[in-house]
Structure formats: C-alpha cells, structure tokens
Amino acid sequence: MVVIGRNEGPRLIACLESLGERLATTVYVDSGSTDGSAEAAERLGANVVRLDMTIPFTAARARNSGFAELRRLVPETEFVQFVDGDCHVVEGWLAKATSFLVENPGYAIVCGRRRERFPDATVYNALCDREWDTPVGDALACGGDCLTRVEALAAVGAYSVDLIAGEEPEMCVRLRSAGWKIYRLDAEMTLHDANITRLGQWWNRSKRAGHAFAEVAHRHFGSPYGIWQRNVLRTLFWGCLLPLVALLGAVALHPAFLLLLAAYPLQTARIALREGGRRLAWLYAAFALLAKFPEMQGVAQYALNRLTHRRQGLIEYK
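Residues numbered from 1 in each chain as written. Predicted model: local features only at pLDDT ≥ 70, side-chain atom pairs only at ≥ 80, totals over all residues. Heavy atoms only, no water.

**Observations concerning the overall build of the chain**
Looking only at helices and strands, the chain has 12 helices and 9 strands in total. For the chain, the C-alpha radius of gyration of 21 Å lies close to 20 Å, the compact-globule estimate for 318 residues. Projected onto its principal axes, the C-alpha positions of the chain cover 70 × 45 × 40 Å. Buried residues in the chain amount to 50% of all 318 residues. Put simply, 71% of the contacts in the chain that link residues at least 6 apart link residues at least 24 apart. On the chain, the mean spot of the 36 positive side-chain charges and the mean spot of the 34 negative ones are 7 Å from each other. (Helix = DSSP H or I, 4+ residues; strand = E, 2+ residues; numbered from the N terminus. Rg over C-alpha atoms; globule rule 2.2 N^0.38 Å. Buried < 20%, exposed > 50% of the residue type's maximum accessible area, 1.4 Å probe, protein only. Contact = heavy atoms within 4.5 Å. Lys, Arg positive; Asp, Glu negative; His and termini not counted. Charge placed at Lys NZ, Arg CZ, Asp CG, Glu CD.)

Written as structure tokens, this is what we have:
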C-alpha cells in the first residue's frame, strides 16, 4: 500500500485504519504536513517517508517516492495499491482487485468505484461523486486510487513527477502504449472526503483540471493512445470561442449575435436529459458547462507557461 497526504488529520487516520494488518507493508508519504500526520502514521505502524519540501512538490513525486520505498522494503511485491490520504479503502476491495490482476496478466491496473463519503453535504461533493461514476470495463485511465502491477509500473517509469495534476491518466497513456490494459471493476473501492464547501474551491479544482487536460493532451498529441484532446477542444469552444464571438459580434455587427448564447441553456438541457433529467442531473449539467470557464483559465495558463518557459506551481483547492 502507498498512501499520500498532507494535513489530512482525522481523514488520514481513518484511511490508515481501514488498511488493518496491511499497515506493516504500507508506506505513507507525507508532503510537509504541520498537523502531526506523519507522527500519527508512525504510531499506527505505517512506514513513513517525509518528502524534502525544498524540491517542488507534486502528487506524482509523492507516489513515486512511496513506490520506491515500498519496493526497497518489500522487494518481492507484485501489486501495489495507491490511495489518497483522504480516502477509506472499502473492505473486500483488495481481495477482488488482486484476484482480477492474478487472473488477467495483460492488465496493469484495476480500479473500482470511488464514492464521496458525504455527497449530500454540498453540491460540490455531489458533483465529485457523479464525476467518479465511470463506466465498468476496459478503461483509458484510472484515478489516484488503483491497484497496480509493479512490473508494469516500473517498466514505464511510474508517474511523471513534473505534472501538477493528471499524473494517473498520463501514466495510463504510457502503459497502454506499452501494450498494457486498464480495467474498472463493478466493485466498491474507496470512500473519499472531498470537503469542498465553497464555489472558489470548486473553481480552482476545475482550473487545475483544465491545466491537466492541456498539458497531457499536448504531451501525447498525435499518439493513438493520447487522451483529452476533445476535452481541450470543448473547453476552448464553450469557455472562449462561443462567448467571444457572441459578444464581439454583438458589439461590432449586430445585437442578434447574442442569440448564440442560447446554446448554453440548450446544451445544459441536453446533458441533463441524457443524465436522466432529475435534480442532480440538472445540477451536473449546469456545472459541467460552468466548469468550462475555470477550465479555460487552466488551459490558458498552460499555454502562457509554455510561451514564457515558466514552471506551473500547484493549483490547490483545499
């Protein structure tokens, strides 16, 4: 087990306690916590790695550090479960996931259903829970929680430490390029505590997603295994091109150009009806379109950084 976290407090304790006897072969990687997380993990019996925070931090760097330490401590390890420190591993998941990888040697990663612990607490938590409800079966990518075949992960160099977000899907692109597969089981995997209570937090999380879309799409542009090109195009259209044409056209040519903005409620209705038409479906649809604006900020920030040769720092929302 590799758990990463920073200042997760009680959530980290719950995460580690959910691992039970596996704590002896668990590495917790702490990224500069000031709440005693590292010490608490040691008391529970986990092996703790404290990252040198003078070096730019990324979640990918934390995962790689934990992976390397686990391989040093237990060289015969065949599979490693990565877990974020704000997640609780569901009982029975590891047995199901391990059995799948043993029985299917062509698969490098298996993941399951990550659920939000308190989906009714805020609309943002509910949106996270919907976001993680991805199709069962062969997948293009996984999230931060996944069971991974050590042989496959080591062969592709693990996670890209320079990515501030999107490191798991990017790593999956390289795995699929090398002939491996990813699968999502129809099984409960982890409970997550997003704890997003403010619009600003949700906005920053969406901006980070836009940056990840742009960086990973650019990194694997032209590859048949590449991802997120369509996400970038949708973000450019809804978050920039359409409103720009509508507003500039209305000012320079005719007010009728503002009618183009009717595409937003129409697209919202289309997504909501596709999602089932219930209250959460309409909220999901509305926020899916609203997210194009912070995502556009992230895409623009990535483009500006490339032009100015600047390294992007973390975009945090907690």
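Let's pick the thread back up.
**With respect to the packing of helix 8 (residues 199-219) against helix 9 (residues 229-252)**
The description of two helices packed together rests on the angle between their axes and the distance between the axes. At their nearest, the axes of helix 8 and helix 9 sit 8 Å apart, and the two run at 130 degrees to each other. Classified by the interaxial angle, the pair formed by helix 8 and helix 9 is oblique. Here helix 8 runs over helix 9; the crossing is left-handed. Mapping the contact onto sequence places Phe213, Ala214 and Ala217 in helix 8 and Gln229, Asn231, Val232 and Thr235 in helix 9. Looking at side-chain class alone, the contact of helix 8 with helix 9 contains 4 nonpolar, 3 polar and no charged residues. (Axes fitted to C-alpha atoms, helices over the stretch in contact; angles between N-to-C directions. Parallel < 35°, antiparallel > 145°, perpendicular 65-115°, else oblique. Left-handed = near helix turned anticlockwise from the far one by under 90°. Nonpolar A, V, L, I, M, F, W, Y, C, P; charged D, E, K, R; others polar.)

**Here we look at the packing of helix 11 (residues 279-290) against helix 12 (residues 292-308)**
With their axes 5 Å apart at the nearest point, helix 11 and helix 12 run at an angle of 30 degrees to one another. The angle between helix 11 and helix 12 places the two elements in the roughly parallel class. On helix 12, the residues that touch Ala288, Leu289 and Leu290 of helix 11 are Lys292, Phe293 and Pro294. For the contact of helix 11 with helix 12, the residue count by class is 5 nonpolar, no polar and 1 charged.

**Let's talk about the environment of Ala269**
Position of Ala269 relative to the elements: it lies in helix 10 (residues 263-274). The partly exposed category is assigned to Ala269, whose relative accessible area is 21%. Separated by 188 residues in the primary sequence, Ala269 and Gln81 place their C-alpha atoms 39 Å from one another.

**A few points about the nonpolar core**
Judged by nonpolar contacts, the single largest core of 57 residues is most densely connected at Val3, Phe82, Trp93, Ile109, Val110, Tyr159 and Leu175. Aside from chain neighbours lying at most four places away, what touches Ile109 is Leu101, Cys142, Cys146, Leu147, Thr148, Met171, Cys172, Leu175, Lys181, Ile182 and Tyr183. If you look at the next biggest cluster of nonpolar residues, it comprises 12 residues, including Val173, Phe213, Ala217 and Val232. (Core = buried A, V, L, I, M, F, W, Y, C linked by side-chain atoms within 4.5 Å.)

**Considering helix 5 (residues 123-131)**
Of the residues making up helix 5, those classed as buried are Tyr124, Asn125, Ala126, Leu127, Cys128 and Asp129. Turning to helix 5, the residues buried within the fold contact strand 6 (107-116), helix 8 and helix 11.

**Observations regarding the pairing of strand 2 (residues 27-30)**
Alternating positions in strand 2 separate into two faces, Val27 and Val29 on one and Tyr28 and Asp30 on the other, with burial throughout. Where strand 1 (residues 2-5) lies against strand 2, 4 bridges are found, and the strand directions are parallel. What sits directly across from Val2, in strand 2, is Val27. With helix 1 (residues 10-17) bridging strand 1 and its parallel neighbour strand 2, the resulting β-α-β unit is right-handed. (Pairing = 2+ DSSP bridges. Right-handed = clockwise from strand over helix to strand, strands pointing away.)

**Here's the deal with helix 7 (residues 167-177)**
Burial analysis of helix 7 places 10 of its 11 residues in the buried class, the great majority of the element. For helix 7, the complete set of buried residues consists of Glu167, Glu168, Pro169, Glu170, Met171, Cys172, Val173, Arg174, Leu175 and Arg176. Buried-residue contacts for helix 7 involve helix 3 (59-73), strand 6, strand 7 (137-139), helix 6 (150-155), strand 9 (181-192) and helix 8. In the stretch just after helix 7, Gly179 is the one whose phi turns positive, near 100 degrees.

**Section: the environment of Gly179**
Following the sequence through the fold, Gly179 ends up in the loop between helix 7 and strand 9. Taking the C-alpha atoms as reference points, Gly179 and Ala108, separated by 71 residues in sequence, lie 9.4 Å from one another.

**What to know about the packing of aromatic side chains**
A ring pair, where both rings are aromatic, is described by two values, the distance of the centres and the angle of the planes. Applying the stated rule across the entire model yields 12 aromatic pairs. Geometrically, the ring pair formed by Phe100 and Tyr107 is edge-to-face, given 5.2 Å between the ring centres and 70 degrees between the ring planes. Overall, Phe100 belongs to the buried group, its relative accessible area being 11%. Put simply, the rings of Tyr124, Trp202, Trp203 and Phe287 touch in pairs and so form one group of aromatic residues. Over the aromatic face of Trp132 sits the side chain of Arg114, whose NZ or CZ is 4.8 Å from the ring centroid. (Phe/Tyr/Trp six-rings, centres within 6.5 Å; stacked < 30°, edge-to-face > 60°. Lys NZ or Arg CZ within 6 Å of the ring centre and 35° of its normal.)

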